[in-house]
Amino acid sequence: MRTKVLRNVAWGFLLALMAACTPTNDTAILVERESNFNVEETLERIQNEAAELGYTVPIVHDMQGNMARNGIEVLPAQIMELCHGNRAYEILKSDSDRYNLTMLPCRVAVYEKEDGKTYVSWTNYAHFSQLEHGVGMEVFRQVSNDYEEIMQDIVKE
């Protein structure tokens, strides 16, 4: 009887853990929001809003085009890299903070889903900053504030 109770408790704990780990579109590190615009206009608006805050766009990865070159069809999907020279410099200038280069340049994904709607996803830099220390923590808090401003009129809440 005791073994059966312990087994049931263990299964209950395992099921609760699995439910807690079930992915949703918003995670601690990633944010996804529906855009008010199509893919092309969303990309253009993000680039314009980001430029107002001092960001440049070194590259946009056309994932749909990349996949098509390999004979694979996917819905429109693009990844825009955003770089803010001053924010990047804060990380680049110090050996103790350079490991944060992995997070640079900051990326925004714009894509269409099967529902025909356009979505935008990006790193939750506010949450990520809580995992950091020193300069990286402050830089990623600034980036988070920038992204809130960039996205405010582009995505639905």
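Each value, and the rule that gives it
- Residues numbered from 1 in each chain as written.
- Predicted model: local features only at pLDDT ≥ 70, side-chain atom pairs only at ≥ 80, totals over all residues.
- Heavy atoms only, no water.
- Salt bridge = Lys/Arg side-chain N within 4 Å of Asp/Glu carboxyl O.
- Helix = DSSP H or I, 4+ residues; strand = E, 2+ residues; numbered from the N terminus.
- Buried < 20%, exposed > 50% of the residue type's maximum accessible area, 1.4 Å probe, protein only.
- pLDDT = per-residue confidence, 0-100.
- Contact = heavy atoms within 4.5 Å.
- Core = buried A, V, L, I, M, F, W, Y, C linked by side-chain atoms within 4.5 Å.
- Axes fitted to C-alpha atoms, helices over the stretch in contact; angles between N-to-C directions.
- Parallel < 35°, antiparallel > 145°, perpendicular 65-115°, else oblique.
- Left-handed = near helix turned anticlockwise from the far one by under 90°.
- Nonpolar A, V, L, I, M, F, W, Y, C, P; charged D, E, K, R; others polar.
- 1 Å grid on protein atoms, 1.4 Å probe; cavity = no way out; pocket = protein on both sides within 12 Å on 5 of 7 lines; lining within 4 Å.
- Points joined across faces, edges and corners; volume = space filled by probe spheres on them.

Enquirer: Could you clarify how one ought to interpret the pattern of salt bridges in this entry?
Expert: Pairing of side chains with opposite charge becomes possible as their charged atoms draw close. The tally for this structure, following the rule as stated, stands at 6 salt bridges. For the salt bridge of Lys113 with Glu32, the shortest nitrogen-to-oxygen distance reads 3.1 Å. Here Lys113, found in the loop between strand S4 (106-112) and strand S5 (118-123), pairs with Glu32, found in strand S1 (residues 30-34); they are 81 residues apart in sequence, far enough to count as distant. For Glu32, a relative accessible area of 14% corresponds to the buried category. The partner of Lys156 in a salt bridge is Glu34, and the shortest N-O contact between them spans 2.9 Å. With Lys156 in the segment after helix H6 (134-151) and Glu34 in strand S1, this pair connects stretches of sequence that are 122 residues apart. The exposure class assigned to Lys156 is partly exposed, which follows from its relative accessible area of 37%.

Enquirer: How do you make sense of the confidence of the model for the protein chain when you look at a structure like this?
Expert: Reading predicted coordinates in detail is not appropriate for stretches of low pLDDT. Averaged over all residues, the pLDDT of the protein chain equals 85, while 82% of them reach at least 70. A low-confidence stretch, residues 5-24 stays under pLDDT 50, and its non-local contacts, those more than four residues away or across chains, total 0 contacts.

Enquirer: How should the nonpolar core be read in this particular structure?
Expert: When a protein is soluble and globular, its nonpolar side chains tend to lie buried together. If you look at the biggest cluster of nonpolar residues, it comprises 25 residues, and the most contacted ones within it are Ile46, Leu82, Val108, Val120, Trp122, Tyr147 and Met151. Where this core is concerned, the elements lending two or more residues are helix H2 (39-52), strand S3 (77-84), S4, S5, helix H5 (125-130) and H6. The biggest single contributor to this core is H6, with 6 residues. Here Val120 is in contact with Val31, Glu32, Arg33, Ser35, Thr42, Ile46, Val108, Ala109, Val110, Tyr111, Met151 and Val155, once residues within four sequence places are set aside.

Enquirer: What is the right way to look at the packing of helix H4 (residues 85-92) against H6 in this model?
Expert: Geometry of a packed helix pair, given as the angle between the helix axes and the separation of the axes. The geometry of H4 relative to H6 is characterised by a closest axis approach of 9 Å and an angle of 165 degrees between their N-to-C directions. In terms of orientation, H4 lies roughly antiparallel with respect to H6. Crossing of H4 against H6: the hand is left-handed. Contact residues: Arg87, Glu90 and Ile91 in H4; Val135, Val139, Phe140, Gln142, Val143 and Asp146 in H6. Considering only residue class, the contact of H4 with H6 consists of 5 nonpolar, 1 polar and 3 charged.

Enquirer: Please explain the layout of surface pockets as it appears in this structure.
Expert: Rolled over the atoms, a probe as big as a water molecule pinpoints where empty space is left. A volume near 240 Å³ is recorded for the largest pocket. Contributions of two or more residues to the lining of the largest pocket are made by S1, S5, H5 and H6. When the residues that make up the lining of the largest pocket are grouped by side-chain class, the tally is 7 nonpolar, 4 polar and 3 charged.

Enquirer: For this particular structure, what's the right way to read the environment of Asn100?
Expert: Assignment of secondary structure puts Asn100 in the loop between H4 and S4. Between the alpha carbons of Asn100 and Phe140 there is a distance of 9.8 Å; along the sequence they are 40 residues apart.

Enquirer: What is the right way to read empty space enclosed by the protein from this model?
Expert: The full count for this structure, using the stated rule, is 1 cavity of 30 Å³ or more. The space that makes up the largest cavity amounts to roughly 60 Å³. Around the largest cavity, the lining residues are Tyr55, Leu82, Cys83, His84, Arg87, Ala88, Leu104, Pro105, Cys106, Val139 and Val143. The set of elements that each furnish at least two residues to the lining of the largest cavity consists of S3, H4 and H6. Tallying contributions element by element places S3 first for the lining of the largest cavity, with 3 residues. Residues belonging to the lining of the largest cavity are distributed by class as follows: 9 nonpolar, 1 polar and 1 charged.

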